[in-house]
Amino acid sequence: VKDGVSERGGYPVVQKAMPQWNLRITAYADRLLYDLETIEWSNALKTMQSNWIGRSTGAQLFFEVDGHDEKIEIYTTRPDTIFGATYMVLAPEHELVTKLTTAEQQKDIDDYLAYSQARSEIDRMSDKQVTGAFTGAYAINPFTDKKIPIWIAEYVLISYGTGAIMAVPSDDERDQRFAKKFGLEIIPVVDKSDYPGATLDDKVGKIINSDFLNGMEVKEAILAMNEKIEEMGIGTAKVNYKLRDAGFSRQRYWGEPFPIVYDENGFAETLAVEDLPLELPETEDFKPGKGGKSPLSRLEDWVNLENGYTRETDTMPAVAGSSWYYLRYMNPNNPDTFASPAAVTYWQDVDLYVGGAEHAVAHLMYARFWHKFLYDMGLVPTNEPFKKLVNQGMIQGRSNFVYRANEQFAEKSFKEKLKEYKIDVQTEYPIAGGYVDFAMPEHKLAIEIKSGSDLQRYLEQRKPAYDEAGWKLLVISTQEVGNYYFNFDIIIKRINRAIEGTIDNSHLEEDYTHPLFISYDVVQEKNLAELTTALHVDVNIVNNDVLDMEAFQNWRPDYKNAYFVTNKAGSYICGHAVEKMSKSKYNVVNPDFMVAQYGADVFRMYEMFLGPIEASKPWDTLGINGVSKFMRRFWDLFFTNEQFSVSEDAPTKAELKVLHATIKKVNEDIERFSFNTCVSAFMEATNDLRKMKCNKRAILAPLTILLAPFAPYTTEELWHRLGEAGSVHHANYPIHDESYLKEDEIEYPISINGKKRATAMFPSDASKDEIEKAALEVEGIQKWLEGKTVRKIIVVPKRMVNVVVG
RNA sequence: GCGGGUGUGGUGGAAUUGGUAGACACGCUAGACUUAGGAUCUAGUGCCGCGAGGCGUGGGGGUUCGAGUCCCUCCACCCGCACCA
């Protein structure tokens, strides 16, 4: 929907009440909220769900209306402030509005209803104006017995609570704004003087002006008032939710059809089990049915059954499938049920769910709800579907920009260049009834800077280079200024020739077709941001922010004749920004292309290497070389002079240490989803083994298995070259042996007053006392101790030494 | 406005319980080799300083022998909700 019409066809969009199927997710609101504590999800996601459920506790009660039988039902979280309720507000859509409005106020109310109906949701959200209208009717505050006016206003929403409120302007910010604007009474009922800094929203303070509540703390008063309300029979304590029941009908073809039929009287019945599954009927006509009905309603043969029953023609939304597909995965080919009891008992639930945060409140909420329902039906053994959830970040695009010079660019830089060359000119000088950009009166020389169509017009008119008063006119194109930005002598020569009397404008003929682009570093250095327009450029013709200028000219016809202001090195540097990948931003990198160039293993590892799994981060094509280099180096460990060559010799202590340290690190990091540091560990190991010139099977074989989940294809090939029969992915995964990691000597940093001043090797089994003594003897430490007293020495075994002196 | 999160070199990031900040990689600089190629190899690379040394994890303050990590406070950015009574 755009501007009230459908974006595709331009048809008007109207709101319409329709009977629809709803899922009573609200019945599970409390369990959906409290069970969040039992699952391993991120805080962000849990709070999102809990805000979405929006549980609040308060009271629901009735206010009598003066002179009417009607009562107004309201919901409040602050029953303690009821003595301060000086007026009431109904949502404009509230059903009592028409009944209560008095004749005198009819026009005001009609005007207001017209106003609020015309305002879209977006209007209401973006400008929160204080608006409203008086109905002319009065309610009775059940505690003060005072008559209080009933208003209508947009700020009360029909969809939350009861669509009506008691307004307490002393203790609610919105009510206060409203009361002030319309001059309504404000009675203070909560004394917050004991709580400096507390806002109106904070439920703290001492109750005043409230009869039997006086002197109570807010929390205490809420309980007391709830009791009183129930005692008086005018209301009850109540829990309220923001969460709404889920609309489950769609008027579309694609979607699961409802297994529901209606009898002659329109009562719904479920299809018999033997008639399931109900499949979508085939059709080639997907147009909507009459009156906004689903396309299925057009298929009369399918809709009308022999026994006089008719089928439901709406279909289910996408969440119908996504709410429980993981259960079907447990037993995909079972023809009788979604999954056998044996299968669900075996698989239980989803141990780890990796998905985007965009599913936070829709899919992930529905799936939990469905799962809980199935649990209640005894069909699944667990209460929650996804025990642990990790939100992977989005790979963003790194966009590049070129900077097109605006009209004002040339004038400004021309002026600066003239200043640099100490050439004195006047600007905006009046000549022959008009103005020229620059003038040198002593030489009777006028200079105009022209570009684009302006230049084209000038050339077509073929104005003479001299006017009647004897002034000479030199035209310089914007493109020239840019072109010779670092070689301005050429333009100075033209000016000098013009002073002598030779003016040659012939080269300007084509300049107007040349857009001018300025290198980003020049834009920065010369502060040209406002004189240029940043345009997205295809990242595929930019390398390391350096533009391939020829490719740029061929990129789009408009840029065929582009001129560039390069930096002093002759390169055109592009600006950059991290944004969502998008075609319009020309920052999309095609993974197929990357896989073709580097292979799937390198691509896969580079995605892991980019950073933590939860973080969104920019795709940086350059960095993939690092992983590619690693992969080749790892491969090279198995080769000597391009021949596969693996030694059967026993490994050294140092080599075993590299292997086992890597196994330990990688296995630990996998446990905490830190795949980027796993890749780093593999790189370190490879670098170390390269230096040791290690090609021993005893080291390389376990390393190959360890790497297999990260680089499945390459490792499989190496595995076979190692002469192993089965798949590397079925090999026993290595476990580290702590004994290989033991050190005889440990390097200790030695600090003086917390600042590291030296390092020294001490035996790993040295006692604290031995280290303390030895540390003071270390070379480079002595000079820090001169003339000072050693007050304390802290030794953390196998970590560090800190000497406190003073 | 409310709620959640994040701030570390030129860049992506590492530092798992308070214990050598900057692992690993990109980029950059210099050099080697070379059919000069966006290949490969070697060395260097937080900042300031010739040096000794000083400074340094968004800013300020605190706890501690020791703080990127804990506490207080301020700032910036990102995400979610948004008149929820």
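No experiment lies behind these values; they were computed from the predicted model shown.

1. Let's talk about the sheet that holds strand E13 (residues 268–270)
Pairing is antiparallel in the open sheet, where three strands are placed in the order E13-E12-E14. Every interior strand has two partners, whereas the edge strands, E13 and strand E14 (310–311), have only one. Here two bridges tie strand E12 (residues 260–262) to E14, and the two strands are oriented antiparallel to one another. The residue of E14 that forms the bridge with Val-261 is Arg-311.

2. A closer look at the packing of aromatic side chains
How two aromatic rings sit relative to each other is given by the distance of their centres and the angle of their planes. What the rule picks out here adds up to 50 aromatic pairs. Residues Tyr-28 and Phe-369 carry aromatic rings whose centres are separated by 5.2 Å and whose planes lie at 70° to one another, so their mutual orientation is edge-to-face. Taken together, the residues Tyr-28 in the loop between strand E1 (22–23) and helix H1 (29–34) and Phe-369 in helix H12 (residues 363–376) connect sequence positions 341 residues apart. The same class applies to Tyr-28 and to Phe-369, which are both buried. Centroid distance Phe-83 to Phe-212: 6.1 Å. Interplanar angle 70°. Geometry classified as edge-to-face. One end of the pair, Phe-83, is in the loop between strand E3 (71–76) and strand E4 (87–90); the other, Phe-212, is in the loop between strand E9 (206–207) and helix H7 (218–232), and 129 residues separate them in sequence. Through a chain of ring-to-ring contacts, the aromatic side chains of Tyr-87, Phe-134, Tyr-138, Trp-151, Tyr-155, Phe-178 and Phe-182 assemble into a single cluster. It is Lys-147 that lies over the ring of Tyr-138; its NZ or CZ is 5.2 Å from the centre.

3. Let's talk about the protein's contact with RNA strand B
Taken together, 56 residues surround RNA strand B, and among them Thr-77, Tyr-160, Arg-174, Arg-632 and Asn-802 come closest. In the interface set of RNA strand B, defined as its atoms within 4 Å of the protein, sugar plus phosphate atoms amount to 59%. At 2.4 Å from a sugar or linking oxygen of RNA strand B is found a main-chain nitrogen or oxygen belonging to Thr-77. Residue Leu-610 places a main-chain N or O atom 2.7 Å away from a sugar or linking oxygen belonging to RNA strand B. Ranked by residue count, the leading element in the surface near RNA strand B is helix H23 (residues 675–691), at seven residues. In terms of residue class, the surface near RNA strand B is made up of 19 nonpolar, 14 polar and 23 charged.

4. A closer look at the environment of Thr-86
Within the secondary structure layout, Thr-86 lies in the loop between E3 and E4. C-alpha of Thr-86 to C-alpha of Ile-187: the two residues are 101 residues apart in sequence and 7.6 Å apart in space. With sequence-adjacent residues up to four places away left out, Thr-86 is seen in contact with Ile-148, Pro-149, Ala-167, Pro-169, Glu-185 and Ile-187. Within the structure, Thr-86 has its side chain in polar contact with the backbone oxygen of Glu-185 (distance 2.6 Å).

5. Quick look at the confidence of the model for chain A
Considering every residue of chain A, the mean pLDDT works out to 87; 95% of them sit at 70 or more. For this predicted complex, the interface score ipTM comes out at 0.93, alongside a pTM of 0.77.

Rules and cut-offs
- Residues numbered from 1 in each chain as written.
- Chains lettered and ligands numbered in written order.
- Predicted model: local features only at pLDDT ≥ 70, side-chain atom pairs only at ≥ 80, totals over all residues.
- Heavy atoms only, no water.
- Pairing = 2+ DSSP bridges.
- Helix = DSSP H or I, 4+ residues; strand = E, 2+ residues; numbered from the N terminus.
- Phe/Tyr/Trp six-rings, centres within 6.5 Å; stacked < 30°, edge-to-face > 60°.
- Buried < 20%, exposed > 50% of the residue type's maximum accessible area, 1.4 Å probe, protein only.
- Lys NZ or Arg CZ within 6 Å of the ring centre and 35° of its normal.
- Near = heavy atom within 4 Å.
- Polar contact = N/O pair within 3.5 Å; in protein donor to acceptor, adjacent residues only side chain to side chain.
- Nonpolar A, V, L, I, M, F, W, Y, C, P; charged D, E, K, R; others polar.
- Contact = heavy atoms within 4.5 Å.
- pLDDT = per-residue confidence, 0-100.

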